Structures are given as structure tokens and as C-alpha cells.
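Now for the letters of each chain:
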Amino acid sequence: MPVETTPDQVENEPREECGVFGVWAPSEDVAKLTYYGLYALQHRGQEAAGIAVSDGSQILVFKDLGLVSQVFDEQTLAAMPGHIAIGHCRYSTTGSTTWENAQPIFRTTSVGSGLALGHNGNLVNTAELSARARELGLIGMPPVSGGRPTPITATSDSDVMTALLAHAAADSSIEQAAMKLLPTLKGAFCLTFMDEHTLYAARDPHGVRPLCLGRLERGWVVASETAALDIVGAAFVREIEPGELLAIDADGVRSMRFANPEPKGCVFEYVYLARPDSTISGRSVHATRVEIGRRLAKEHPVEADLVIPVPESGTPAAVGYAQGSGVPYGQGLMKNAYVGRTFIQPSQTIRQLGIRLKLNPLREVIRGKRLIVVDDSIVRGNTQRALIRMLREAGALEIHVRIASPPVKWPCFYGIDFASRAELIANGAGADDSYDDMVEAVRRSIGADTLGYISTEGMIAATEQPRSRLCCACFDGDYPIPLPTEAAIGKNVLEGMLTGQSEAMLLSENANASALSRP
């Protein structure tokens, strides 16, 4: 099981949500296509990965904790033949990091067919859905024979959703069951799911998270980001619309509308979450970040010798800042690309190294320089505090921090695992005073000479999207999807509500699914 992050590890950046991928393609190696699709989406989640494949008669599921490259190998993929597949890479926003919470999730419907589902996002009515599942007898029951739906054993909103969908399919098709269930889900959800014959994709009415459709020469692909389409050689067709359900089978692509669209795309996808080589709502993520940097230079100019990014997420904005300011751009920090969420417990000595595990200064570049350091966001401030200390030790004369997003003052309940509001540095000392006082308090806390955030207006203008179509809740506290009480929301809302059942019990019930796990 992965090591939980600690303050000593300086893991304070916002955590991505999940990546979903799906493919319907007879005569293609769909397991391998899905593997490469997930590889392209690895940045969206590094806790667990899984693939479900159907050959028309049964669904085979393989999932485990770890990176995509750690979970799958050639032998595993070769043992997964079929023409339909879905894949998922996970970072937990509801439920802890356990094998049961890895996705795709598999369930047997009441009529004996299989159902596998992957979910990107986060529901806000999980407690309500869990209560409904309990009333239906889907929680806390021991598995029984006779084709009864498998009880919920995981503790994620995704698992409750899958159980309810499998149950609803007792009296109708998966497609009809989805059209009944999807309107009852509140929050952010991009789904890929499948039975033995059909691939489905759905996006919540607000379109908080991205989801797109691509065309292969002999099939179709759905993915969280357009970059995944590029990797597998699929041509971008269009984005899946908010409130839309797609069904893909031998008859082609069918589109159904389960809710009226009320677009509220996450602006943080542009700032940090999405790959820079992806496109969202027709706007290049890379171009947006470069433009944010240009606007940041106009809003917060300063005399300096060099603009350097905090790699990699701060790089496009740093390029834009250099272009907008005329201050030369340079690489002052080297990143170890192989440091991620570690599965090996670091020793106390290594843990004390903190940010040096990921970043190391190029002393000959920064010594004696007045630096402008561009980063994507400040959450708790631990990373920036350690980074500034390291740069000063390496000989920087001045350090001017510029941030490519407004102050993060509110937690996200739609699929980003930010810190709690009390832990957010912008809500610390000075947060109850004026904006300038808050910025000054953060500046003192991290040890910078000056600090400047892009304005909300500047950030939104860089996306080229109307403000009315964007969710900026983590910056302004204006949540477009109403939230329940604090007791009914949060990452571990289901931990105490669902009775745990062993992995062996789960596998024994899945009679028509071959679920494989690592020894």
C-alpha cells in the first residue's frame, strides 16, 4: 500500500483526480490500446490502475495499486483478449487507498450479465446514494448465489454508483438503467462503463471534468483528455457534452441526453491538472498557461535577472512571463522525473531531504541572480517555503514568486484533493484582512521577497472561455453544485458507513468475471 504523504515529504501540491479511457474496436488489441491510453493519463492519478476487457461473452478485470507500468506487463495484457475495454488510473478523492477501491469496479447484475465502471470526479450526494443502496440491500450483505447483485465492499462513491446501476439493470438494459440513475447523481462525474457488448460514456450536466470522443480506423475511443487520443492514434471527434450518455457498439455511436447542460468546467484543469498538450473546449491547455504567464507579467512586474519555472507545471507560465516582461527565461531547477508517489517507505534521513528528492538547483545559473520563480499554485505553502530556502542557499540574491492562479482559499468537492480549508495557507494569518494583507502574510510565510498571484479575471481571460461556463470555486467559494452538510461530504464519508468484506468474498461472487490480483 502506498505511503501516506506527510509534511516532512513536502507533498503539498493539489492532487489530481482520475483518468478514464474506453475503446470499442474489433480486430484491435484493446487491452494494449487502453494501457497506452492510461499511460497518457498517468498524471491524473498514481495510486492505482486497472483495465476491464470484454470478448463478447465475459468481462475480465485486472487492477492493482501502483502506476500503470507497475500494474501491467506484456504477459498480463496478452491474457486480456477482447474488442471492448475500459481503463482507469486513480487518485482517491472518496475512499482510502485500498485494492477494493481501485477501478474499474466490477459488478454482476441481477440478470447475470457483467458491468465494469471507471469514474473521474467526485459526487456530493454519496451519503444519500449510500442510504438508498442500504435500503435496497446492497450494503453489508454477504454474497449469495442465484445471480443476486454483488454487495458493496469498497468505500468509494464510484462503487456505490456501480452497485446501484447493476441493481437498476434487473428490470431493464444497462442503457435504460443508466438513463434512470444518472439524473440522480449530484457532483462531478465522467464515466466509462461497459457490459459484454457495449461501451458507454457519460458526463455530468455541468461538465466539470473533461471527456472526449475519438475515432480509430476500426473503432472508437473515449478519454479524459485529447492527449490520450493522440497517443493511441485516434482522431479527435468532439467533446462529450455535459448531460450526455454515449453508447458504442456494432451499430455505431448513439447519443442520449439525461439532463440539460449547465456547463461549469473546472478552470484548474487549464492551470494545473490537464496535460499541456491537451485541448479543452477548443482551447489549448499549453497556450492558456503561456497566456496566463504573459498576463501575470503585466499584473505583477518586477526588476529581475532571470525567470525560472518550478517544473514541470510552472514551465509554460514562466515562458509566458518571460515573453511578457522581457526578462530572460532560464532553467534554474532540475526535476527528477522518476520521483512520484513512492511505494517504499523513506528513511527519516531521506524524508528530511524533502523537496530535494524532486528538485535540485543549478547553482551556476542562479548564483548572484535576482530570480522570478513561477509556479502554478500555492496550497499549504510547504513546497514554496522549502524551495525558496534551497534557492537562497544556492546563492540567489532575490526571489520574487509569481503564481499562475489566484489564491486557493476553498477546498474542491468535485474531484481535486486539496487540503482542508483550515490547512490552506491563504486562509491562514491575514486571511480575514484585505487581499493585500493576505498576500503579504503568505509572502512572509514562504520567505519570498515579493509575491504576486494572477487575478481571477486574468486567469479566466487566458482560457478564452466565458466566466459563466467555468467553475472557480477553489478560488472564490462559489460552488455551482450545491453541497450537503459537512457530515455528509468528504473523502472518507463512506468509511464508517460500509461494512468491510474480504477481497476473497468479492472475488468469489464475481462468477462471470475473471478478476486477477497480484500475489
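Residues numbered from 1 in each chain as written. Predicted model: local features only at pLDDT ≥ 70, side-chain atom pairs only at ≥ 80, totals over all residues. Heavy atoms only, no water.

If you check an unreviewed UniProt entry, the protein chain appears there as Amidophosphoribosyltransferase from Nocardia vinacea. As recorded by UniProt, the Sequence similarities (unreviewed entry) comment attached to the protein chain reads in full: "In the C-terminal section; belongs to the purine/pyrimidine phosphoribosyltransferase family." (UniProt positions renumbered as here; feature names shortened; annotations may be inferred.)

## Side note on unusual backbone geometry
The peptide bond linking Gln103 to Pro104 adopts the cis configuration, its omega dihedral lying at 5°. Omega for the bond connecting Pro311 with Glu312 falls within 30 degrees of zero, at 0°, which places this linkage in the cis form. Residues other than glycine seldom take positive phi values, yet Ser281 does so here, at roughly 50°. Structurally, the position occupied by Ser281 is in the loop between strand 15 (279-280) and strand 16 (283-284). In this structure, Glu464 is a non-glycine residue whose phi angle is positive, near 60°. Positionally, Glu464 belongs in the loop between helix 15 (456-463) and strand 23 (470-471). (Helix = DSSP H or I, 4+ residues; strand = E, 2+ residues; numbered from the N terminus.)

## Here we look at the sheet that holds strand 20 (residues 370-375)
Taken in spatial order, the four strands line up as 17-20-21-22 in an open sheet, and their pairing is parallel. What marks the edges here is a single partner per strand, and that holds for strand 17 (306-309) and strand 22 (450-453). Pairwise comparison of adjacent strand axes, ignoring direction, gives a mean angle of 20° for this sheet. Bridging between strand 20 and strand 21 (residues 398-403) involves six bridges; their strand directions are parallel. Residue pairing for strand 21: Leu371 is matched across the bridge by Ile399. Sheet strands touched by helix 14 (residues 435-446): strand 21 and strand 22. Its angle to strand 22, the strand with the most contacts, is close to 130°. (Pairing = 2+ DSSP bridges. Axes fitted to C-alpha atoms, helices over the stretch in contact; angles between N-to-C directions. Contact = heavy atoms within 4.5 Å.)

## Looking at the UniProt feature "binding site: Mg(2+)" (unreviewed entry) in the protein chain
Mapped onto this numbering, the UniProt entry gives "binding site: Mg(2+)" (unreviewed entry) at Ser313, Asp375 and Asp376. The greatest C-alpha distance among the residues just named is 7.1 Å, despite their covering 64 residues of sequence, which places them together in space. Counting through the fold element by element, Ser313 comes out in the loop between strand 17 and helix 10 (315-325). In this structure, Ser313 is in contact with Tyr272, Asp375 and Asp376, ignoring residues within four places of it in sequence. At 2.5 Å, the side chain of Ser313 forms a polar contact with the side chain of Asp376. (Polar contact = N/O pair within 3.5 Å; in protein donor to acceptor, adjacent residues only side chain to side chain.)

## With respect to the UniProt feature "binding site: [4Fe-4S] cluster" (unreviewed entry) in the protein chain
Under the UniProt annotation, "binding site: [4Fe-4S] cluster" (unreviewed entry) lies at Cys266, Cys412, Cys471 and Cys474. A stretch of 209 residues holds the annotated residues, and the largest C-alpha distance among them is 10.2 Å, short enough that they meet in one place. Examined against the element boundaries, Cys266 turns out to sit in strand 14 (residues 265-266). For Cys266, the residues in contact, after removing those within four places along its chain, are Val208, Arg209, Leu273, Ile416 and Cys471. Within the fold, Cys471 resides in strand 23. For Cys471, a relative accessible area of 9% corresponds to the buried category. Once residues lying within four places of it in the same chain are set aside, the contact partners of Cys471 are Lys264, Gly265, Cys266, Val267, Tyr414 and Pro480. (Buried < 20%, exposed > 50% of the residue type's maximum accessible area, 1.4 Å probe, protein only.)

## Considering a nonpolar patch on the surface
Nonpolar side chains collect at one region of the surface, where Tyr36, Tyr39 and Ile231 lie side by side and expose about 320 Å² of accessible area between them. Within the fold, Ile231 resides in helix 7 (residues 226-232). Ile231 gets classed as partly exposed once you look at its relative accessible area, which sits at 46%. (Patch = residues over 30% accessible without salt bridge, like charges linked within 9 Å, V, L, I, M, F, W, Y side chains within 5 Å. Areas by Shrake-Rupley, 256 points an atom, 1.4 Å probe, with all protein chains shown as cover. Salt bridge = Lys/Arg side-chain N within 4 Å of Asp/Glu carboxyl O.)

## So, the environment of Gly415
Structurally, the position occupied by Gly415 is in the loop between strand 21 and helix 14. Since its relative accessible area comes to 1%, Gly415 is described here as buried. Taking the C-alpha atoms as reference, Gly415 lies 6.9 Å from Ala188; in sequence the two are 227 residues apart.

## Quick word on the nonpolar core
Ranked by size, the top nonpolar core spans 45 residues in total, and within it Phe268, Val307, Tyr414, Phe418, Met459 and Phe475 carry the most contacts. The set of elements that each furnish at least two residues to this core consists of helix 8 (268-273), helix 9 (285-299), helix 10, strand 20, helix 15, strand 23 and helix 16 (473-476). Residues in contact with Phe475, not counting those within four places in the same chain, are Val267, Phe268, Ser405, Pro406, Pro407, Val408, Trp410 and Met459. (Core = buried A, V, L, I, M, F, W, Y, C linked by side-chain atoms within 4.5 Å.)

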